[in-house]
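This is what each chain is made of:
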Amino acid sequence: MKKTDIRLLPLGAKLGQDIFTSGGLLLLSKGKILDAALVRKLVSQGIIDVYLEHLEPGMLDESSQFMDKDESELREVINYSRAVVGEVLDQVRSGRPIEYDVLEDATDVIYSEVVNTNNIFRQLIALRDKDEYTLQHSVAVGALGVKICQLLNWPESKAKHVGVAGILHDIGKAQISDSIINKPGSLSEIEWAEMKRHSQYGYEILKNDCSVDPQVQMAVLQHHERINGKGYPLRLRDRQIHPYAKIIAIADTFDAITSDRSYQKPMSVFSAADELLKDAYRGGLEVETILIFVDYLLDMAPGEKVVLNTGEEAEIHLLNRNEPNRPLVRTSEGFVDLVRNREICIASFANDNEKLSYQR
Ligand SMILES: [Fe+2]
Ligand SMILES: [Fe+2]
């Protein structure tokens, strides 16, 4: 086993030994597959080389894959995808068949961009266009759906199905009147009942189109179902819900609660993580997947500096597997267990210069 310079690590390399912080805490365990986020974590801890389990000849040539993707490339992909989704919505509104080939091409582009981009959610937030919520939301749910599949190690074919389902999940809203869709403030009971029909409408639009995979159709129909049976339209439970629909439900919820809408302020990524975990522990969303997703969203390491909602700076001391947004932290006053002190939470990363730290 040979030590390898961290800047030359190839995508997908496996750690050959456990890695510890200078304080002796386990940072990453042997066998962990490295991606760009983990490499950054190591760099932030001052680790410059690591032992790898297995290194194929030629893998080092691909080291450039660890570089963050240029934001302008992602912007192009999002603009292109938004245009495609806009076309699809027009096709549905005017009763024309959906050009599925074009939609699949857009999903292929989204897929390859998402699997090679770190912190895809931050970039999606940064590139949001307030005036085009539906288009933006559809692309974001497709992209986040693909990212969740990648985190779950699902094969490319399934991830692309989830990408298409994410793009199409709210297609049924094309059949709901603009006065309801764009209404500022809360909806009346009748309006809300009509709004909730969008998943059924979406399914009906797609069900006779044999170019749309039946599993994608099912995900569109079921994306508001919840594991505890409290969703809609059919109040299905756990195994009755298609796995694609469970992924879309998570991506959809995350994008919705972090969005700036006329009737709601956006949540910070930390508050959003809290909401997702609460939803999972209440039985709505799948706990295992939420834990993996939240871990990815927060991407914290021992030693990392954060700012608490009290304004105090703190350092992550011990990660928390069950509630990744509530680690044990150390402030100038001493240790604070965020599980026991639930009124205190993390507001932002100390070096986070993106505007993600506001609280709802
Ligand atoms: Fe929806
Ligand atoms: Fe949605």
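Counting restarts for each chain: residues are numbered from 1 in the order of the written sequence. Key to labels: chains lettered from A, ligands numbered from 1, both in the order written. Side-chain atom pairs in this predicted model are given and counted only at pLDDT of 80 or more, local residue features only at pLDDT of at least 70, and totals for whole chains, interfaces and linings cover all residues. Excluding hydrogens and water, the side-chain values take into account all heavy atoms of the structure.

**Some remarks on the packing of aromatic side chains**
Aromatic pairs are defined between Phe, Tyr and Trp rings, using the six-membered ring for Trp, whenever the two ring centres lie within 6.5 Å; interplanar angles under 30 degrees are classed as stacked, those over 60 as edge-to-face, and all others as tilted. Per the counting criterion, the structure on display carries four aromatic pairs. Each ring, one from phenylalanine 254 and one from phenylalanine 293, has its centre 5.5 Å from the other, and the planes form 85°; the classification is edge-to-face. You can see phenylalanine 254 sitting in helix H11 (residues 243–257) and its partner phenylalanine 293 sitting in helix H13 (residues 287–298), a full 39 residues away along the chain. Taken as a pair, phenylalanine 254 and phenylalanine 293 share a single burial class, namely buried. One aromatic cluster is present, formed by Phe254, Phe293 and Tyr296 through successive ring pairs. Lysine NZ or arginine CZ positioned within 6 Å of the ring centre and within 35 degrees of the ring normal marks a charge as sitting over the ring. A cation over an aromatic ring shows up here: lysine 158 above the ring of tryptophan 154, its NZ or CZ 5.3 Å from the ring centre. Secondary structure elements are defined from DSSP: runs of H or I of at least 4 residues count as helices, runs of E of at least 2 residues count as strands, and each element is numbered from the N terminus. Here the term buried applies to any residue with accessible area under 20% of the maximum for its type, exposed to any over 50%, and partly exposed to those in between, with areas from a 1.4 Å probe on protein chains only.

**Looking at the nonpolar core**
Leu168, Phe254 and Phe293 are the most contacted members of the largest nonpolar core, which totals 79 residues. In terms of domain composition, this core takes at least three residues from each of domain 2 (71–266) and domain 3 (301–349). It only takes one pair of heavy atoms within 4.5 Å for two residues to be counted as in contact. In contact with phenylalanine 293, other than residues within four places in its own chain, are Leu144, Ile148, Leu151, Ile250, Phe254 and Leu276. By nonpolar core is meant a set of buried Ala, Val, Leu, Ile, Met, Phe, Trp, Tyr and Cys residues that side-chain atoms within 4.5 Å join together. Ala13, Ile19, Leu38 and Val50 belong to the second-largest nonpolar core, a separate cluster that totals 12 residues. As used throughout, domain bounds are those supplied by an automatic or database domain assignment.

**A short note on the environment of isoleucine 33**
With respect to the secondary-structure elements, isoleucine 33 resides in the loop between strand E3 (26–28) and helix H1 (36–44). Distance in space between the C-alpha atoms of isoleucine 33 and leucine 15 is 6.5 Å, their sequence separation being 18 residues.

**Remarks on the pairing of strand E5 (residues 305–308)**
With burial as the criterion, only one face of E5 is covered, namely that bearing Val306 and Leu308; the residues Lys305 and Val307 on the opposite face remain uncovered. Only when DSSP finds a minimum of two bridges between them are two strands counted as paired. Pairing of E5 with strand E6 (residues 313–318) involves three bridges; the strand directions are antiparallel. If you follow valine 307 over to E6, its bridge partner there is glutamate 313.

**Brief notes about the coordination of the iron ion (ligand 1)**
Each metal's donors are the N, O and S atoms found within 2.8 Å of it, except that Na, K and Ca use a 3.2 Å limit; water is left out, so coordination can look incomplete. Here the iron ion (ligand 1) is held by Asp170 (OD), His198 (NE2), His223 (NE2) and His224 (NE2), and the distances to it run 2.2 to 2.3 Å. A site with four donors is called tetrahedral when every donor-metal-donor angle falls between 85 and 135 degrees; four donors are called square planar, and six octahedral, when opposite donors sit more than 155 degrees apart and all other angles fall between 65 and 115; any other arrangement is irregular. Given four donor atoms and angles of 85 to 175° at the metal, the environment of the iron ion (ligand 1) is assigned as irregular. In primary-sequence terms, the residues that donate to the iron ion (ligand 1) follow D-x27-H-x24-H-H. Here aspartate 170 falls in the buried class, since its relative accessible area comes to 4%.

**Thoughts on the sheet that holds strand E7 (residues 328–331)**
Taken together, five strands build an open sheet; the order of strands is E8-E7-E6-E5-E9 and the sheet is antiparallel. At either end of the open sheet lies a strand with only one pairing partner, and these are strand E8 (334–337) and strand E9 (346–349). Strand after strand, the sheet turns through a mean of 40° between neighbouring axes, direction not considered. Pairing of E7 with E8 involves four bridges; the strand directions are antiparallel. Bridge pairing in E8 links threonine 331 to glycine 334. Helix axes are fitted to C-alpha atoms over the stretch in contact, other axes to C-alpha atoms as well, and angles between N-to-C directions run from 0 to 180 degrees.

**Some points on the coordination of the iron ion (ligand 2)**
All of the protein donors around the iron ion (ligand 2) are His137 (NE2), His169 (NE2), Asp170 (OD) and Asp252 (OD); their distances to the metal are 2.2 to 2.3 Å. Around the iron ion (ligand 2) sit four donor atoms; with metal-centred angles ranging over 76 to 174°, the donor geometry is irregular. Taken as an interatomic distance, the gap from the iron ion (ligand 2) to the iron ion (ligand 1) is 3.6 Å; aspartate 170 donates to each of them. Placement of the pair is histidine 137 in helix H5 (residues 133–151) and aspartate 252 in helix H11, with a sequence separation of 115 residues. Taken as a pair, histidine 137 and aspartate 252 share a single burial class, namely buried.

**Some thoughts on the environment of serine 348**
Relative to the elements of secondary structure, serine 348 occurs in strand E9. Between the C-alpha atom of serine 348 and that of glycine 311, which follows or precedes it by 37 residues, the distance is 9.9 Å.

**Concerning the side chain of histidine 223**
Tracing the backbone through its elements, the reader meets histidine 223 in the loop between helix H10 (214–222) and H11. Overall, the relative accessible area of 0% leaves histidine 223 in the buried class. N or O atoms closer than or at 3.5 Å make up a polar contact, with two conditions inside protein: a donor-capable atom paired with an acceptor-capable one, and, for residues adjacent in sequence, both atoms drawn from side chains. Reaching out from histidine 223, the side chain makes a polar contact with the side chain of aspartate 170 at a distance of 3.2 Å. Not counting the four nearest positions on each side in its chain, histidine 223 is found in contact with His169, Asp170, His198, Ser199, Ala245, Ile248, Ala249 and Asp252.

Remember that the coordinates give geometry; whether it matters functionally is a separate question.
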